[in-house]
Amino acid sequence: MLFYEHQLAGRSAVAAGWLRRARRHLRDQPECVEQCCLSWVDTERAQERGAFDEAMETADRMGTTARRCGLACDNLLSVDLVTTDGSFVTCTPERHADLFWAVRGGGGNFGVVTSFVHRLHPVADVLGGPVFHPLDAEVPRRYRELVAGSDERLGALLVVGLGPLVPFLPEHWHGRPLCGVVTCWSGPEEDDEDIRAQLTALGPVVGQHLGRIPYPLVNTLCDELVPAGLFHYWKGSFTRGLPNGALDALVEYGPTTPSVQSVTVVFPLDGACHRVAPEDTAFSYRDADYAIALSPTLTTREDCETHQGWVRAFHRALEPHAVGGGYVNFMDGDDQDRVRVNYRGNHARLVAVKRRYDPGNLFRLDHNIAP
């Protein structure tokens, strides 16, 4: 069975358990019912039928429309969940409210979600895709200014790494240090050229694949670059603003990225994410402006383990400029000691819910909130 959460390192599944593809269906707007377990492609197909925003999960889930629509957990309306004693409960703000609060950001620590209802946001075609620039100190600083002054309908993820092997990037840039912005502009099409001009003004453009596409395609742009079967090791940080020291770390460590699949991603978390109080969901870092994800992604376990030192050093370089915690889906197996700080002031309340619904700690493979 599945803890309904995503995590590339595989920590979202029950040990010795099984995953199955389940039926799913859409109800009338503005709500959507999804049945677990769903692959990301399943959810994208459901979105394409209705042209709607993000998949909703029991972790917090951030993405290209977070500034406009909030986190996934902010849009969760109810969940059907099986608890450790086999009880089937429906959780809403009025029914099992403590459990409903906990699963909105608390991950798979409390039970198995079999279906959920989430709020939908109409998003049809968007201006989406990447624009790549040579990695230097100025592009990330201009990116920071761009996000700070932009409409919340602009989703713009900063990526730092090595040039991917894609046809729109000249071959002599393959494997060389680059930075870029993966864009999702969900505003009016008549503003596309202005958005495009702002992105290309960040620095010399060495490759781009930016155009009007159906929204669900935005979340599939990297599928061929990161196929199933790769090995990952994660670290993450939150920052207020993007301090110069954090940007300096991106520029310093970007050229030594271990592989073209190993991409550092900076996610903006302002806008709608800030309009939810820290205590309203288990996700407490409502004062964070960005989440930074670090991960060496390699083809063998041995290579991944060899490069763990790179990501640890990178993470240490970011920490003086971070706010202490990190996004739980950017944690790895050696980050259990960070669970408390990652939930900050909400940790004690999460422990109390855990003691009520899972005192024996059956659901523990996830980043465990111990009872």
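Attention in this report is confined to the structure presented alongside it. (Residues numbered from 1 in each chain as written. Predicted model: local features only at pLDDT ≥ 70, side-chain atom pairs only at ≥ 80, totals over all residues. Heavy atoms only, no water.)

## Side note on the overall build of the protein
Next up, step 1: Within the protein one finds 11 helices and 14 strands.
Next up, step 2: Of the accessible surface of the protein, which amounts to about 15100 Å², a share of 52% is contributed by carbon and sulfur atoms. (Helix = DSSP H or I, 4+ residues; strand = E, 2+ residues; numbered from the N terminus. Areas by Shrake-Rupley, 256 points an atom, 1.4 Å probe, with all protein chains shown as cover.)

## So, unusual backbone geometry
Next up, step 1: One non-glycine residue, His 96, lies in positive phi territory at about 50°.
Next up, step 2: Topologically, His 96 is positioned in the loop between β3 (88–91) and α3 (97–103).
Next up, step 3: Using a relative accessible area of 34% as the deciding quantity, one classes His 96 as partly exposed.
Next up, step 4: We note that Arg 344 has phi near 50°; this positive angle belongs to a residue other than glycine.
Next up, step 5: Tracing the chain through its elements places Arg 344 in the loop between α10 (339–343) and α11 (347–357). (Buried < 20%, exposed > 50% of the residue type's maximum accessible area, 1.4 Å probe, protein only.)

## With respect to a negative patch on the surface
Next up, step 1: A grouping of Asp 125, Glu 189, Glu 190, Asp 191 and Asp 194 is seen on the molecular surface, where their side chains present a negatively charged patch.
Next up, step 2: On the secondary structure map, Glu 190 appears in the loop between β7 (177–185) and α5 (192–200). (Patch = residues over 30% accessible without salt bridge, like charges linked within 9 Å, V, L, I, M, F, W, Y side chains within 5 Å. Salt bridge = Lys/Arg side-chain N within 4 Å of Asp/Glu carboxyl O. Lys, Arg positive; Asp, Glu negative; His and termini not counted. Charge placed at Lys NZ, Arg CZ, Asp CG, Glu CD.)

## Here we look at the packing of aromatic side chains
Next up, step 1: Enumeration over the complete set of coordinates arrives at 9 aromatic pairs.
Next up, step 2: Among the aromatic side chains, those forming a connected cluster through ring pairs are Trp 234, Phe 267, Tyr 327 and Phe 330.
Next up, step 3: Directly above the aromatic system of Trp 173 lies the positively charged group of Arg 176, at a separation of 4.0 Å from the ring centroid.
Next up, step 4: The positively charged end of Arg 349 is found above the aromatic ring belonging to Trp 101, 3.8 Å away from the centroid. (Phe/Tyr/Trp six-rings, centres within 6.5 Å; stacked < 30°, edge-to-face > 60°. Lys NZ or Arg CZ within 6 Å of the ring centre and 35° of its normal.)

## Quick notes on the pairing of strand β11 (residues 235–239)
Next up, step 1: Taking burial as the measure, the 5 residues of β11 include 5 buried ones, the bulk of the element.
Next up, step 2: Side chains of β11 alternate between two faces, with Lys 235, Ser 237 and Thr 239 and Gly 236 and Phe 238 buried alike.
Next up, step 3: Bridging between β11 and strand β13 (residues 290–294) involves 5 bridges; their strand directions are antiparallel. In the sheet register, Lys 235 faces β13, and the bridge partner there is Leu 294. (Pairing = 2+ DSSP bridges.)

Fair warning: the whole summary comes from geometry, so function is off the table for now.
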